[in-house]
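Okay, here's what each chain looks like letter by letter:
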Amino acid sequence: MTDAQSFYGRWATLYDRLASLPGVDSWRGRAADALALSPGDAVVEMGCGSGANVPHLRERVGPTGRVVGLDVTGEMLARARTHSDRTGPEVDYLRGDATRPPVDGVDAVLATFVAGIFPDPAGAVDAWCDCVVPGGRVALLNFQRSDAALAAPLNVAFEGFVRLSAPGDRLSRASHASAFERRVRVARERLTERTVDRRYEAFGGGYLGLVSGRVV
Ligand SMILES: C[S@@+](CC[C@H](N)C(=O)[O-])C[C@H]1O[C@@H](n2cnc3c(N)ncnc32)[C@H](O)[C@@H]1O
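Because the structure is predicted, anything quoted here is derived from the model rather than measured. The numbering scheme is per chain: residues are counted from 1 as the chain's sequence reads. Selection of residues for local features in this predicted model requires a pLDDT of at least 70, selection of side-chain atom pairs for listing and counting requires 80 or more, and totals for whole chains, interfaces and linings are taken over all residues. Think of the side-chain values as coming from all heavy atoms in the structure, minus any hydrogens and water.

Okay, the overall build of the protein next. The numbering of helices and of strands both runs from the N terminus, where a helix is a DSSP run of H or I of at least 4 residues and a strand a run of E of at least 2. Of the regular secondary structure elements, the protein holds seven helices and seven strands. In the protein, the succession of helices and strands from N to C terminus is α-α-β-α-β-α-β-β-α-β-α-α-β-β. A sequence separation of at least 24 residues applies to 70% of the contacts in the protein between residues at least 6 apart. For the protein, the computed accessible surface area is about 10,100 Å², with 56% contributed by carbon and sulfur atoms. Note on definitions: a residue-residue contact is assigned when non-hydrogen atoms from the two residues lie within 4.5 Å. Surface accessibility in these figures is a Shrake-Rupley result with a 1.4 Å probe; residues are shielded only by whichever protein chains are displayed.

Here the focus is the pattern of salt bridges. Put simply, a salt bridge is a Lys or Arg side-chain nitrogen that is within 4 Å of an Asp or Glu carboxyl oxygen. Inspection of every chain in the model, using the stated rule, returns 16 salt bridges. For Arg30, the salt bridge goes to Glu201, with nearest N and O atoms at 2.8 Å. Taken together, the positions of Arg30 in helix α2 (residues 22–33) and Glu201 in strand β6 (residues 195–203) put the pair 171 residues apart, joining distant regions of the chain. Among the salt bridges present, the one from Arg66 reaches Asp92, with a minimum N-O distance of 3.2 Å. You can see Arg66 sitting in strand β2 (residues 66–71) and its partner Asp92 sitting in strand β3 (residues 91–95), a full 26 residues away along the chain.

Now for the site of the ligand. One heavy atom suffices: a residue is near a molecule or strand as soon as one of its heavy atoms comes within 4 Å of it. Not every one of the 21 residues close to the ligand is listed here, only the nearest: Tyr15, Gly47, Asp71, Thr73 and Thr112. In the environment of the ligand, a nitrogen atom lies 2.7 Å from a nitrogen or oxygen atom belonging to the backbone of Gly47. Under this definition, polar contacts are N or O atom pairs within 3.5 Å; protein pairs additionally need one hydrogen-donor-capable and one acceptor-capable atom, and for neighbouring residues in sequence, both atoms have to be side-chain atoms. Between the ligand and the protein, one listed contact pairs a nitrogen atom with a side-chain N or O atom of Asp97 at 2.9 Å. Bound to the protein, the ligand loses 94% of the 600 Å² it would expose on its own. Just so you know the grouping, Ala, Val, Leu, Ile, Met, Phe, Trp, Tyr, Cys and Pro go in nonpolar, Asp, Glu, Lys and Arg go in charged, and all remaining residues, Gly too, go in polar. Partitioning the shell around the ligand into residue classes produces 11 nonpolar, six polar and four charged.

Moving on to the pairing of strand β5 (residues 132–143). One bridge is not enough; two strands pair if DSSP finds at least two bridges between them. Across six bridges, strand β4 (residues 106–112) lies against β5 in parallel orientation. Considered in β5, the bridge of Val109 is made with Val138. A clockwise course of the path from the first strand over the helix to the second, judged with the strands pointing away from the viewer, identifies a crossover as right-handed. Read from β4 through helix α5 (residues 121–130) to β5, the crossover connection turns out right-handed.

Okay, the side chain of Arg58 next. Relative to the assigned elements, Arg58 resides in helix α3 (residues 54–61). A distance of 2.9 Å separates a polar atom in the side chain of Arg58 from the backbone oxygen of Thr87. Setting aside its immediate chain neighbours within four residues, Arg58 contacts Val67, Ser84, Asp85, Arg86, Thr87, Gly88, Glu90 and Val91.

The classification of residues rests on relative accessible area computed with a 1.4 Å probe and restricted to protein chains. Under 20% of the type maximum is buried, over 50% is exposed, and intermediate values are partly exposed. Taken together, the buried positions of helix α4 (residues 74–81) are Met76, Leu77 and Ala80. Burial along α4 is one-sided: seen end-on, the buried residues are contained in an arc of 95°. Packing partners of the buried residues in α4 comprise α1 (3–19), β2 and β3. Along the arc lie the directions from the helix axis toward the C-beta atoms.

What follows concerns the sheet that holds β6. The strand order across the open sheet formed by seven strands is β3-β2-β1-β4-β5-β7-β6, and the pairing between neighbours is mixed. The open sheet terminates on both sides in strands that have one partner only, identified here as β3 and β6. Each strand axis lies, on average, 15° off the axis of its neighbour in the sheet, ignoring direction. When strand β1 (residues 42–46) meets β2, the two strands line up parallel, connected through five bridges. The residue of β2 that forms the bridge with Val44 is Val68. Along the sheet, α5 makes contact with β1, β4, β5, β6 and β7 (208–215), crossing β5 at roughly 145°. To get an axis, a line is fitted to the C-alpha atoms, and for a helix only the part in contact is used. The angle between two axes follows their N-to-C directions and goes from 0 to 180 degrees.

This part covers a nonpolar patch on the surface. Like charges are joined within 9 Å and nonpolar side chains (Val, Leu, Ile, Met, Phe, Trp, Tyr) within 5 Å, but only among residues with over 30% relative accessible area and no salt bridge; these make up the patches. Side chains of Trp11, Leu14, Leu18 and Leu21 sit close together on the surface and give an oily, nonpolar patch of about 370 Å² of accessible area. In this structure, Leu14 sits in helix α1. Given the relative accessible area of 40%, Leu14 is considered partly exposed.

In structure tokens, the structure reads:
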């Protein structure tokens, strides 16, 4: 079992509660909008956790569409299946590695709060772009340091938050804060290389960055 599996497995119930708080839920709507989905589309969420984005994705693809949630942690997927608005005939949950997704020919990929986890974020973004049909969109939502005026003290809090929310022991968590930011940057850069019609928006006081692009 990997560090990520045991960490997210242990915290799955609490994570599930926090993941759909009203403010957080509005971020998820914005992330789903960035995919420009149409009814009937197939969308995959990489590292879907407890499925908090799934209601937003279902709403956009409709009953003729398909939503696949892929995650490596069984406890997270089990939480997702307990919510009636996250399950249905058009929703599938797969347990597997998002860096080698077992899907192909989908219309869109969403990855929220996961790009900073992977040791090879560029490879993960490549794998995600490769499973999307030409013209489909890929969107990445992540926490980031804010450039907003007066954000400096809160950026220290941001660093602490990233450390606490990282898998691993205390020592590896300390290095995780800088590794997290580097990985998110690398993932965004690779998405920029792989896509056109790119969009970026920052919200949540600048602490959230949503990057999306269309695969060619
Ligand atoms: C911070 S949570 C984000 C969950 C969800 N995307 C959200 O927005 O609430 C990170 C998730 O990534 C999953 N994860 C970590 N490494 C993974 C991998 N290699 N493949 C698939 N999922 C992975 C964890 O199990 C966890 O559910």
